[in-house]
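Each chain, written out:
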Amino acid sequence: VRGLKVAGTLKHQTFFYMTTYHISLNQLAEFSVATPNAKRRIVKQQTTPNPLLLPWYRSVLSSLKEYFANPKDLSLLRKCIKKQLERAEDTKFRKNDKATSILALEKMIELNLSKYLPSVKCELLKSEIKSVDIEQVSIRISPTVIFRAIVDGKIVYGGVKIHIAKSKPFNYEQCECVSIL
């Protein structure tokens, strides 16, 4: 049942509670700075999601996950750019997806994460938990990467959520909203 969450168990009995609302983290960040009309549109999209909505930038996000395992190896990103250049542009969706994907990969190469993480070895982790429930709202976070690393002799955990947006990049306030969760 959509929205039914396990609250806990006690002597073989399971207690449930109902989460009434579902929203993605990116939509929540957009909502936080949206105009009243845009807020209504976001609520409508979240209450009646389009089942035919195609995911954007899938191959890019997949390549970025691999890249985070070894940020010194830019060849993964270059291979992905080459693959993107070979993709067909037979629809407006594919044309926009291709152009924005290439731009995102080029920006990641320019960023050159290895200079910020020179000696840190990261182990990528997978999590079954993809959302956080606050009151009766389930916020779908779905981080791009979750990792464990040793920094100054201590084990640290972290996550990265990449938001690729050509038309409306997040402002500082939206980035702050995403990073808190």
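Our structure is the block above this text.
Analysis parameters
Residues numbered from 1 in each chain as written. Predicted model: local features only at pLDDT ≥ 70, side-chain atom pairs only at ≥ 80, totals over all residues. Heavy atoms only, no water. Pairing = 2+ DSSP bridges. Helix = DSSP H or I, 4+ residues; strand = E, 2+ residues; numbered from the N terminus. Phe/Tyr/Trp six-rings, centres within 6.5 Å; stacked < 30°, edge-to-face > 60°. Buried < 20%, exposed > 50% of the residue type's maximum accessible area, 1.4 Å probe, protein only. Lys NZ or Arg CZ within 6 Å of the ring centre and 35° of its normal. Salt bridge = Lys/Arg side-chain N within 4 Å of Asp/Glu carboxyl O. Axes fitted to C-alpha atoms, helices over the stretch in contact; angles between N-to-C directions. Contact = heavy atoms within 4.5 Å. Parallel < 35°, antiparallel > 145°, perpendicular 65-115°, else oblique. Left-handed = near helix turned anticlockwise from the far one by under 90°. Nonpolar A, V, L, I, M, F, W, Y, C, P; charged D, E, K, R; others polar.

Let us look at the pairing of strand 7 (residues 145-151). The pairing of strand 4 (residues 122-125) with strand 7 spans four bridges and is classified as antiparallel. From the neighbouring strand, Leu 125 faces strand 7, where its bridge partner is Ile 146. In this sheet, strand 8 (residues 154-160) lies alongside strand 7 in antiparallel orientation, the contact comprising seven bridges. Pairing of Val 145 across the sheet is with Val 160, part of strand 8. Connecting strand 7 to the next strand, strand 8, in antiparallel fashion are two residues, including Asp 152 with a positive phi near 55 degrees.

Looking now at the packing of aromatic side chains. In this structure the tally under the stated criterion is one aromatic pair. Measuring from centroid to centroid gives 6.0 Å for Tyr 67 and Phe 68, while their planes differ by 65 degrees, and the two rings are edge-to-face. Each of the two residues, Tyr 67 as well as Phe 68, counts as buried. Across from the ring centre of Phe 31, 5.2 Å away, lies the NZ or CZ of Lys 39, which sits over that ring.

Right, let's get into the pattern of salt bridges. A complete count under the given rule lists four salt bridges for this structure. The partner of Glu 89 in a salt bridge is Lys 98, with the nearest N and O atoms 3.0 Å apart. Judged by its relative accessible area of 41%, Glu 89 falls in the partly exposed class. Under the relative-accessibility criterion, Lys 98 is labelled buried at 8%. Here Arg 94 ties to Asp 90 by a salt bridge, and the two come within 3.0 Å at their closest N and O atoms. We classify Arg 94 as partly exposed; its relative accessible area is 37%.

Let's shift gears to the sheet that holds strand 5 (residues 131-134). Backbone-to-backbone hydrogen bonds pair the strands of a sheet. The strands run either parallel or antiparallel. Spatially, the three strands line up as an open sheet ordered 3-6-5, and their pairing is mixed. On the outer flanks of this sheet lie strand 3 (21-24) and strand 5, each paired with one strand and no other. The mean inter-strand angle of the sheet, taken between neighbouring strand axes irrespective of direction, is 20 degrees. On the sheet, helix 1 (residues 25-32) packs against strand 3 and strand 6 (137-140) and is oriented at approximately 90 degrees with respect to strand 3.

Where helix 3 (residues 58-69) meets helix 4 (residues 75-86), the closest approach of the two axes is 9 Å, and the angle between their N-to-C directions is 165 degrees. On the basis of the axis angle, helix 3 is roughly antiparallel to helix 4. Here helix 3 and helix 4 pass one another in a crossing that is right-handed. Each of Ser 59, Val 60, Ser 63, Leu 64, Glu 66 and Tyr 67 in helix 3 lies in contact with helix 4, whose residues at this interface are Leu 76, Leu 77, Cys 80 and Gln 84. Considered class by class, the residues forming the contact of helix 3 with helix 4 number six nonpolar, three polar and one charged.

Okay, the side chain of Gln 84 next. Looking at the element boundaries, Gln 84 is found in helix 4. The class for Gln 84 is buried, based on a relative accessible area of 0%. Ignoring anything within four residues of it in the chain, the contact list for Gln 84 reads Ser 59, Val 60, Lys 98, Ser 101, Ile 102 and Leu 105.

Along the chain, the position of Thr 100 falls in helix 5 (residues 92-111). In this structure Thr 100 comes out as buried when scored by relative accessible area, which is 4%. Not counting residues up to four positions away in its chain, the partners in contact with Thr 100 are Tyr 57, Ile 164 and Lys 166.

None of this, on its own, says anything about what the molecule does.
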